[in-house]
Amino acid sequence: MVGEVSMSLRRTDGEIDEDLVWSTTGADVFEPSLPWRTFRSRYGQKHYSGTHWSSTMRDHVVYESRLELTRLIYADFDPDVTAVFAQPFLLSTIVDGHRRRHVPDFLVLRENDVPLVVDVKPGHLLTRPKVNFALGWAREVVLSRGWDFEVWSEPPELEVANLRFLAGYRRDWLFDQDLLAEIRETDLDGATLGEAFYAFPRHPDWRVRAAVLRLLWCQHFGSAADLKRSPGTSLCAAGHALPYDPARDRHQPQGSGRARRRVRHPTANPPATRNPGPGMALRAVRRSAPHAG
C-alpha cells in the first residue's frame, strides 16, 4: 500500500523545492533544474560517470554508468523526444508503513505522448527482491498520475554499436545544409550505402559520406539501425525495425517544387579498399523534418 507521495527538486541556484504534491505538479517545473544527486567520481569505482552532449537538450546531461549513457543516446535518436532530465526528482512516500525514497534515472518528455520516467538497471539486477520492490512501488506511483514508467536494460549489441557510431553525426551545425538538402531531394530508394556515398561526385567524398550518415542519424533512411561499422560490411535486410518504431515516421512536405532526381546507377564502383559497404538497399523514409541534433 502506497501512501501520499511528495516530490523534491533541486533548482539551478542550489535551492531545493521540497514536498511538492506529486499528483498535481506539472512537467514544466523541471526546467530549469539540476540533477538531484551530485556527480560522483572516485578511484576504483565500478561505474563510469560522465556527461553526454545531448542534441535534444543542446547541452550536457549527466550519467552514472555506461548503460545510462546508452539510454541517453537512444533518447537523442528518438525524434519524438523533446527533453531529457537526469536524476530529475526525489520521490518520497510511505510504503507498507515505512518511509521510502527513490530518484529515477531520467525523465523523458515527448511531443506526442505523456512524460516517461526511466529507471536504468542491468538485467542481472532485476532478479533481486530489493530492486524489484523499489521499482514496483515507483512504477505504481508514476502510473498513478498518468505518466509512463520504463525499466531499461541492455539492448542488442549490434543495435548499440550502430547507434553509438551514428551519434557521432548528431551535431547539426557541422554539416553542409545545401548538400543535405540535395541528398534529401535525390531518390536513393534501392541504392546501397556505398552507392549513396559516391552518388554526388561534384562534392568531396568525405563530405558526402558525413552527410549521408547524418541523414541516417536523422532517420531519413529507414535502415539506419543495421548500419555496420566495418568498411567491408553492409546493411541488414530492409524492413528491420529501428530502435524506435518507424511507424512514427511523418511525411515530409516536398521542397521548393524541384523534382526529386532518381539515382539508379551512381558513379562507377569505387576501389574495393574504399567501399564503405555495398549490400542491402537503403530505404528512404520521408519525414516532416530531420531530428535536430
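Described below are features of the structure shown in this document. Predicted model, so just to flag it, every value in this text is computed and none were measured.

Here the focus is the environment of H102. Within the secondary structure, H102 is located in strand β7 (residues 98–102). The exposure class assigned to H102 is buried, which follows from its relative accessible area of 11%. As for H102 and M7, which are separated by 95 residues in sequence, their C-alpha atoms are 9.8 Å apart. Apart from residues lying up to four places away in sequence, H102 is in contact with F89, L90, L91, D119, W137 and A138.

Turning our attention to the packing of aromatic side chains. Following the criterion strictly, the structure yields seven aromatic pairs and no others. Seen in terms of ring centroids, F165 and Y169 are 5.8 Å apart; in terms of plane orientation they differ by 65°. Their pairing is edge-to-face. For the pair Y169 and F175, a centre-to-centre distance of 6.3 Å together with 40° between the ring planes defines the contact as tilted. When sorted by exposure, Y169 lands in the same class as F175, which is buried. Seen from the ring of W22, R145 lies directly overhead, with NZ or CZ sitting 4.9 Å from the centre.

The end-to-end C-alpha distance of helix α6 (residues 205–217) is 18 Å, a good match for the 18 Å that 13 residues give at a rise of 1.5 Å each. Looking at the packing, one finds that the buried side of α6 touches α1 (66–77), α3 (157–166), α4 (177–184) and α5 (193–197).

Remember that side chains alternate between the two faces of the sheet whenever the strand is regular. A large share of strand β9 (residues 116–120) lies buried, amounting to five of its five residues. By the alternation rule, side chains of β9 split into L116, V118 and V120 and V117 and D119, which are all buried. The pairing of strand β8 (residues 106–110) with β9 spans three bridges and is classified as antiparallel. Residue pairing in the sheet places F106 in a bridge with V118 of β9. Between the end of β8 and the start of β9, which pair antiparallel, lie five residues.

With that settled, consider the sheet that holds strand β6 (residues 90–95). Strand pairing in a sheet relies on backbone hydrogen bonds. The paired strands run either parallel or antiparallel. Here four strands make up an open sheet; going across it, the order is β2-β1-β6-β7 and the pairing antiparallel. The open sheet has two edge strands, β2 (16–21) and β7, and neither has a second partner. Direction aside, neighbouring strands of the sheet carry axes that sit 25° apart on average. Here five bridges tie β6 to β7, and the two strands are oriented antiparallel to one another. Opposite T93, over in β7, you have R100 as the bridge partner.

The next point concerns the packing of α3 against α6. Between two packed helices, what matters for the description is the angle formed by their axes and the separation of those axes. Their axes nearest at 9 Å, the elements α3 and α6 cross at an angle of 125°. Viewed along their axes, α3 and α6 adopt a mutual orientation that is oblique. Considering only the axes of α3 and α6, their crossing is left-handed. When α3 is examined against α6, the residues L163, F165 and L166 are found in contact with a partner set consisting of L213, L216 and W217. Per-class residue counts for the contact of α3 with α6 are six nonpolar, no polar and no charged.

Conventions we followed
- Residues numbered from 1 in each chain as written.
- Predicted model: local features only at pLDDT ≥ 70, side-chain atom pairs only at ≥ 80, totals over all residues.
- Heavy atoms only, no water.
- Helix = DSSP H or I, 4+ residues; strand = E, 2+ residues; numbered from the N terminus.
- Buried < 20%, exposed > 50% of the residue type's maximum accessible area, 1.4 Å probe, protein only.
- Contact = heavy atoms within 4.5 Å.
- Phe/Tyr/Trp six-rings, centres within 6.5 Å; stacked < 30°, edge-to-face > 60°.
- Lys NZ or Arg CZ within 6 Å of the ring centre and 35° of its normal.
- Expected span 1.5 Å × (residues − 1).
- Pairing = 2+ DSSP bridges.
- Axes fitted to C-alpha atoms, helices over the stretch in contact; angles between N-to-C directions.
- Parallel < 35°, antiparallel > 145°, perpendicular 65-115°, else oblique.
- Left-handed = near helix turned anticlockwise from the far one by under 90°.
- Nonpolar A, V, L, I, M, F, W, Y, C, P; charged D, E, K, R; others polar.

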